[in-house]
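Structural description and commentary
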Amino acid sequence: MVIVMKDHAEETDVKNVTDRLKSLGFDVHRSDGVTRTVLGAVGEKRPEFDRRDIELLPGVLEVIPITKPYKLASREFHADDTVISIGNLKIGDDTVVLMAGPCAVENRDQIMLIAEQVKKAGAHVLRGGAFKPRTSPYSFQGLGEEGLKYMREAGDKFGLAIISEVMDVSQLEVCLKYVDILQVGARNMQNFILLRELGKVRKPVLLKRGMSATIEEWLMAAEYLMAGGNYDVMLCERGIRTFENYTRNTLDLSAIPVVQKLSHLPIIVDPSHGTGRRDKVAPMARAAVAAGANGLEIEVHSDPDHAMSDGAQSLYPEQFEELVSELKIIAPAVKKKIQPYLDNLL
Ligand code: PEP
Ligand code: MN
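Residues numbered from 1 in each chain as written. Chains lettered and ligands numbered in written order. Predicted model: local features only at pLDDT ≥ 70, side-chain atom pairs only at ≥ 80, totals over all residues. Heavy atoms only, no water.

Quick look at the overall build of the chain
Rule in force here: Counting from the N terminus, the helices are the DSSP runs of H or I reaching at least four residues and the strands are the DSSP runs of E reaching at least two. Each radius of gyration is computed over the set of C-alpha atoms, and the globule rule expresses the reference value as 2.2 Å times the number of residues to the power 0.38. Contacts: residue pairs with any heavy atoms within 4.5 Å of one another. Method for areas: the Shrake-Rupley scheme with a 1.4 Å probe, in which residue coverage is limited to the protein chains shown.
Along the backbone of the chain there are 11 helices and 15 strands. Taking 20 Å as the expected radius of gyration for a compact globule of 346 residues, we find that the chain reaches 21 Å, a close match to that expectation. Projected onto the principal axes, the alpha-carbon positions of the chain cover approximately 65 × 45 × 45 Å. For the chain, contacts bridging at least 24 residues in sequence account for 70% of all contacts bridging at least 6. Carbon and sulfur atoms provide 51% of the accessible area of the chain, an area that totals close to 15,000 Å².

Structure follows, in structure tokens:
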């Protein structure tokens with residue numbers, strides 16, 4: 001249920017409504033718009049709850065039940081788009097943010113070189129996995145903390161924010177020391193224990209769609225993060241499993257307008273895992289921007305033929321550079337622009 005306060009309601013009225021809702025057993029989440037405050041009351045309704053009691057409180061304009069199972073992630077709770085700030089970087093406004101880098105951090109030289117290349121091409125965020133969820137236990141599992149240190153060094157040197165995956169609660173503390181955005185991988189979208197922990201931190205989270213998750217399940221996973229008080233959540237469409245096997249996954253670009261109608265959270269598209277093949281990445285990246293995505297996460301490698309993971313879906317740096325120049329033409333057609341190039345994003 002959301003409680004919409006009257007325009008410029010008194011702070012004492014907002015507090016009074018908040019206290020009443022809490023006394024009824026609700027968790028109260030506040031969203032301040034330009035003129036109006038909206039309170040989201042989440043939790044089980046007690047038998048003694050009567051909506052009219054809230055409607056009659058001073059300063060209340062209306063009480064609207066949210067019928068969807070996700071509340072804080074819904075447009076009803078927050079009508080405007082959520083804009084996440086990371087230093088000078090904005091995610092979710094009328095700009096498109098570019099996250100690029102290797103699937104995995106392999107060594108210091110590799111990440112330093114790729115960071116320089118993607119920065120030159122116009123990227124804002126450096127991606128790179130230090131903890132890798134691999135299908136085979138015998139595949140390269142990532143460098144762990146050493147990889148995160150190299151990522152941080154590369155991000156600081158080239159003025160890039162950094163994103164890396166946290167696979168487990170036990171890795172959270174070390175990830176928080178280094179990264180600007182915590183990535184939750186597709187395989188972990190419904191790891192509720194991890195989501196609850198990430199709800200307690202105050203760092204942005206990129207939540208990848210599970211490979212067999214419906215959009216509603218994905219938004220419910222976002223709700224876990226927000227219910228804990230972490231509102232800086234972005235969603236990432238990375239393809240779902242279908243019967244098709246010419247591509248690694250089926251990139252569901254229709255999720256972009258669907259999510260944008262249902263939710264206020266930014267949506268990022270990963271055409272690398274979404275297609276699994278280098279030659280399919282640029283067309284789908286262009287399509288994602290045309291469909292209104294707030295950003296892209298793309299695998300780029302300086303030497304994809306020798307990459308330790310996902311080389312086949314990684315762009316060569318020159319291909320990424322060319323793609324960025326195309327995106328600069330496409331974005332204005334949908335009233336967006338590529339986020340400006342800044343020497344230092346943090
Ligand atoms: C990744 O981004 O490297 C990754 C493992 O992605 P996903 O969780 O979408 O498979
Ligand atoms: Mn990968």
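Once you've had a look at it, read on.
Some words on the coordination of the manganese ion (ligand 2)
Here is the rule we go by: Only nitrogen, oxygen and sulfur atoms count as donors, using a 2.8 Å cut-off from the metal that widens to 3.2 Å for Na, K and Ca. Water is left out, so coordination shells may look unfilled.
Taken together, the protein ligands of the manganese ion (ligand 2) are Cys103 (SG), His273 (NE2), Glu299 (OE) and Asp310 (OD), with distances of 2.0 to 2.4 Å. Going along the chain, you hit the donors of the manganese ion (ligand 2) in the pattern C-x169-H-x25-E-x10-D. Here Cys103 is found in the loop between strand E7 (95-101) and helix H3 (108-121), whereas its partner Asp310 is found in the loop between strand E14 (295-299) and helix H11 (317-333), with 207 residues between them in sequence.

Side note on the nonpolar core
The condition that has to hold: Think of a nonpolar core as a cluster: buried Ala, Val, Leu, Ile, Met, Phe, Trp, Tyr and Cys residues, connected wherever their side-chain atoms sit within 4.5 Å. Each residue is placed in one exposure class: buried if its accessible area under a 1.4 Å probe, protein chains only, is under 20% of its type's maximum, exposed if it is over 50%, and partly exposed if it falls in between. Each domain's limits were defined by an automated method or a database of domain assignments.
Membership of the largest hydrophobic core comes to 79 residues, with the highest contact counts inside it found for Leu198, Leu207 and Phe320. Here this core gets seven residues from one element, more than from any other, and that element is helix H7 (residues 215-227). Taken domain by domain, the makeup of this core includes at least three residues from each of domain 1 (2-64) and domain 2 (84-338). Setting aside residues no more than four positions away along its own chain, Phe320 makes contact with Ala100, Val118, Ala121, Ala123, Ile298, Val300 and Leu315. By size, the runner-up hydrophobic cluster in this structure holds 16 residues, among which are Met5, Val14, Ala41 and Val60.

Concerning the site of ligand 1
What counts here: Only heavy atoms are used to decide nearness, and a residue is near a molecule or strand if one of them lies within 4 Å of it. Pairs of N or O atoms are called polar contacts if they sit within 3.5 Å, as long as, within protein, a hydrogen donor faces a hydrogen acceptor (for residues adjacent in sequence, only side-chain-to-side-chain pairs). Note on residue classes: Ala, Val, Leu, Ile, Met, Phe, Trp, Tyr, Cys and Pro are nonpolar, Asp, Glu, Lys and Arg are charged, and everything else, Gly too, is polar.
Around ligand 1, a shell composed of 13 residues is seen, among which Arg127, Lys132, Ala186, Arg187 and Arg238 lie nearest. With respect to ligand 1, the side chain of Arg127 contributes an N or O atom lying 2.8 Å from an oxygen atom. Ala186 is positioned such that a nitrogen or oxygen atom in its backbone is 2.8 Å from an oxygen atom of ligand 1. Within the complex, 97% of the 290 Å² of free accessible area of ligand 1 lies under protein. Broken down by class, the residue content of the shell around ligand 1 amounts to three nonpolar, three polar and seven charged.

A look at the side chain of Gln171
Within the secondary structure layout, Gln171 lies in the loop between strand E9 (161-165) and helix H5 (172-178). Judged by relative accessible area, which is 14%, Gln171 ranks as buried.

What about the pattern of salt bridges?
For the record, the criterion: By convention in these notes, a salt bridge is any Lys or Arg side-chain nitrogen within 4 Å of a carboxyl oxygen on Asp or Glu.
A full pass over the atoms with the stated rule returns 25 salt bridges. Measuring nitrogen to oxygen at the nearest pair gives 2.9 Å for the salt bridge that ties Arg30 to Glu11. Of the two residues, Arg30 is situated in strand E2 (residues 27-32) and Glu11 in helix H1 (residues 11-23); the sequence distance between them amounts to 19 residues. The exposure class assigned to Arg30 is partly exposed, which follows from its relative accessible area of 34%. With relative accessibility at 48%, the residue Glu11 sits in the partly exposed group. A salt bridge links Arg127 to Glu299; the nearest nitrogen and oxygen atoms lie 3.5 Å apart.

Remarks on the domain arrangement of the chain
Entries for the chain in the domain assignment read domain 1 (2-64) and domain 2 (84-338). When each unit is reduced to the centre of its C-alpha atoms, the spacing between domain 1 and domain 2 is 36 Å.

Some remarks on the packing of H7 against helix H8 (residues 255-262)
The criterion, for reference: Interaxial angles span 0 to 180 degrees and are taken between N-to-C directions of axes, which are lines fitted to C-alpha atoms, for helices over the stretch in contact. Throughout, the term roughly parallel applies to angles under 35 degrees, roughly antiparallel to angles over 145, roughly perpendicular to angles from 65 to 115, and oblique to all others. Less than a right angle of anticlockwise turn of the near helix away from the far helix marks a crossing as left-handed, whereas a clockwise turn marks it as right-handed.
At a minimum axis distance of 11 Å, the contact between H7 and H8 shows a crossing angle of 50°. On the basis of the axis angle, H7 is oblique to H8. The interaxial crossing formed by H7 with H8 has right-handed handedness. On the side of H7, the interface is formed by Ile215, Trp218 and Leu219, while H8 contributes Ala255, Val258, Val259 and Leu262.

Things to note about the environment of Asp156
In this structure, Asp156 sits in helix H4 (residues 145-158). What makes Asp156 partly exposed here is its relative accessible area of 48%.

Looking at helix H6 (residues 192-200)
Quick note on the threshold: For this quantity, the arc is that covered by the directions from the helix axis to the C-beta atoms.
Those residues of H6 not exposed but buried are Leu194, Leu195, Leu198 and Gly199. For H6, the angular spread of buried residues about the axis comes to 145°, placing them on one side. Opposite the buried face of H6, by more than 90 degrees, sit the exposed residues Ile193 and Lys200. Buried residues along H6 sit against H5, strand E10 (181-184), strand E11 (205-208) and H7.

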